[in-house]
Amino acid sequence: MVTTTTNVGALPLVPKNPIPLRRLVKLVRTLDIGQEAIRDAGGPISRITFGPKWLVRPIVAVTSPDGIRDVLSRTDALSERCIIHDEVRNMAGDSLFVLPTLSWQPRKRALQPVFTKHSVRNFSGQMSRAAESFVVRWRDGGAVDLDVECRRLTMQSLGRSVLGVDLTERADIIAEHMHVASSYTADRALRPVRAPRWLPTPARRRARLAVAELRKVTSEMLQKCRADPTLDAPLVHALIAATDPETGQALSDDDICNDLLIFMLAGHDTTATALTYALWALGHHRGVQDRVAAEAAAFGDRELTPDDVPRLGYTVQVLREALRLQPPAAGGARLTVRDIPVGGYRVEASTIMAVGIYALHRDPALWDRPLVFDPDRFSPETSRGRDRWQFIPFIAGPRSCIGEHFAMLETTLAMATIVRSLEIRSVDDAFPVAVPFTTVADGPIHACVSSRN
Ligand code: HEM
């Protein structure tokens, strides 16, 4: 853990990035590949200033494991939530994702036990069922759009796991509401100049309506669960029962609804992108795909369960490699509250620290042949000794993704279920993406599937 005992004042300021300002403006808004250009020109830590500090906050771009550790491992309140979190908070209320450190701590203490590796088994496994329905639909083979299929599958499984509701019928409309809400908040966060929040712009009104529609679903489910403790919605019941172990304080209805909403928002696009990219990559690497199929075939035809994951080690390696090459969250941002040391430099108070996950995961100084899809780099032997901060698709440190175990479990089971029964051939050479906030496939992602039997 980083402490504040370093004499921060004695450290040199982070060097300025040499790229001309006009180009930097564009690169900063290109959330994935922009990071690589910034890293290549300025090194693993560099400062970007668009004007005087009192007018525009400076940005420090960090892409080295050491620097990222210095930013993310802090447990004090000196490296805080910022821009995007503020916008999400304003739009969707106080949730685990957006709360500033001090008010976040009790919420995290209450929610953490619900999301341990052991606990997520209680509300996961829905992905196996959703993936099985994908297999049944495509048993006769044909041309599929992996983007559409994986989004549908994720919505179906997330609805069941998080809310205890079958969203299949409403999947498209819910996805549209989520898209409207998240792209509005991300777009605002990335604007150098923003319209005041009280101004009722059409985009803002649409986003508010979308959030209100989503909230209807969460509060309806919460009320149903409060009225009927036997209702099959284990995560909602777990949130009702959750208390802060230090104070015994339970979550309010508003807290629960906000968190359910954020689980849907934070979990949907990210999980769908991970699965789509992994299947697309398998569709180009038949040998790897056959190994995944053989691993899953060992379980016969029965539904795969969380108990099977320890024997799906290679499938997990494939997922990790997919998350390395195409991290659904390309980066993260924090705001310094005071001067702090990062990578041997001083980062001044009121600076936005941009952690570049995408550039970190593809850095030729850290990875051998970084652009090659090679799941063996995540074998136990090869992973041994790797810096813990070199691979961080879920971020790391105290504010890492609470849904990590859940997402890994769900995507592992889904991939194994699909590849066990269907052979996938990817049609497109490239995997086009859009990065409105998290990275999503800019579909269609064409593939041909055929039955393995
Ligand atoms: C492959 C799937 C996923 C990826 C790659 C991912 C990635 C991330 C990342 C990078 C963060 C840090 C964001 C930041 O600091 O600004 C985060 C936070 C978070 N994620 Fe995920 N996520 C995934 C799935 C999920 C799922 C399924 C859920 C919920 C069920 C979830 C809920 C959250 C929440 C609530 C936070 C905020 C945690 C906190 O601040 O304490 N995520 N996620």
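None of the values given here were measured: they were computed from a predicted structure.

A description of the overall build of the chain should follow, citing residues and the corresponding values.
Each helix and strand counted, the chain has 16 helices and 12 strands in total. With respect to the three principal axes, the spread of C-alpha positions in the chain is 65 × 55 × 45 Å. Relative to its 453 residues, the chain shows a buried fraction of 54%. Partitioning the contacts of the chain with sequence separation of at least 6, the portion at a separation of at least 24 is 73%. Accessible area of the chain: about 19600 Å², with a carbon and sulfur share of 55%. Measuring between centres, the 56 positive side-chain charges of the chain sit 6 Å from its 52 negative side-chain charges.

An account of unusual backbone geometry is needed here, citing residue identities and associated values.
Each neighbour pair has its own omega, and for Gly443 with Pro444 the value is 5°, a cis peptide bond. Along the chain, Pro444 falls in the loop between strand 11 (440-441) and strand 12 (446-451). Positive phi, normally seen in glycine, also occurs at Arg369, with a value near 40°. Secondary-structure assignment places Arg369 in the loop between helix 14 (357-361) and helix 15 (380-383).

Give me the lowdown on the nonpolar core, citing residues and values where you can.
By size, the foremost hydrophobic cluster in this structure holds 105 residues, and its most contacted members are Phe263, Leu279, Met415 and Ile418. Ranked by residue count, the leading element in this core is helix 11 (residues 253-282), at 15 residues. With residues up to four places along the chain from it excluded, the contact list for Leu279 reads Leu146, Cys150, Met415, Ile418, Val419, Ile424 and Ser426. In this structure, Ile68, Val71, Val347 and Trp389 belong to the second largest nonpolar core, which totals 19 residues.

An account of the environment of Ala359 is needed here, citing residue identities and associated values.
Topologically, Ala359 is positioned in helix 14. As a C-alpha pair, Ala359 and Asp442 span 83 residues in sequence and 20 Å in three-dimensional space.

So what's going on with the coordination of the iron atom of the ligand? Residues and values would help.
Protein coordination of the iron atom of the ligand is limited to a single donor, Cys401 (SG), which sits 2.3 Å from the metal. Here Cys401 lies in the loop between helix 15 and helix 16 (404-421).

Describe the pairing of strand 9 (residues 422-426), naming the residues involved and giving the relevant values.
Judged by which residues are buried, strand 9 turns out to be one-sided: Leu422, Ile424 and Ser426 face inward and are buried, whereas Glu423 and Arg425, on the alternate face, are not. Bridge count between strand 9 and strand 12: five bridges; the pairing is antiparallel. Considered in strand 12, the bridge of Glu423 is made with Ser450.

Reading guide: rules and limits
Residue positions are given per chain, counting from 1 as you read along its sequence in written order. Totals for whole chains, interfaces and linings use all residues, but because this is a predicted model, local features are given only for residues with pLDDT of at least 70 and pairs of side-chain atoms are given and counted only at 80 or more. The basis for every side-chain value is the complete set of heavy atoms in the structure, and neither hydrogens nor water enter the calculation. Starting at the N terminus, helices and strands are each numbered in turn, a helix being any DSSP run of H or I of at least four residues and a strand any DSSP run of E of at least two. Here's how the labels work: a residue is buried when its accessible area is under 20% of the maximum for its type, exposed when over 50%, partly exposed in between, all with a 1.4 Å probe on protein chains only. We call two residues contacting when some pair of their heavy atoms lies within 4.5 Å. In this description, accessible areas are obtained by the Shrake-Rupley approach with a 1.4 Å probe, and a residue is regarded as covered only by the protein chains that are shown. Only four residue types enter the tally: Lys and Arg on the positive side, Asp and Glu on the negative side, with His and both chain ends excluded. Think of each charge as sitting on NZ of Lys, CZ of Arg, CG of Asp or CD of Glu. As used here, the term nonpolar core means buried Ala, Val, Leu, Ile, Met, Phe, Trp, Tyr and Cys residues forming a set that is joined through side-chain atoms within 4.5 Å. Here the term donor refers to an N, O or S atom within 2.8 Å of the metal (or 3.2 Å for Na, K and Ca), and because water is left out of the atoms, sites may appear incomplete. Pairing between strands requires that DSSP locate at least two bridges from one strand to the other.

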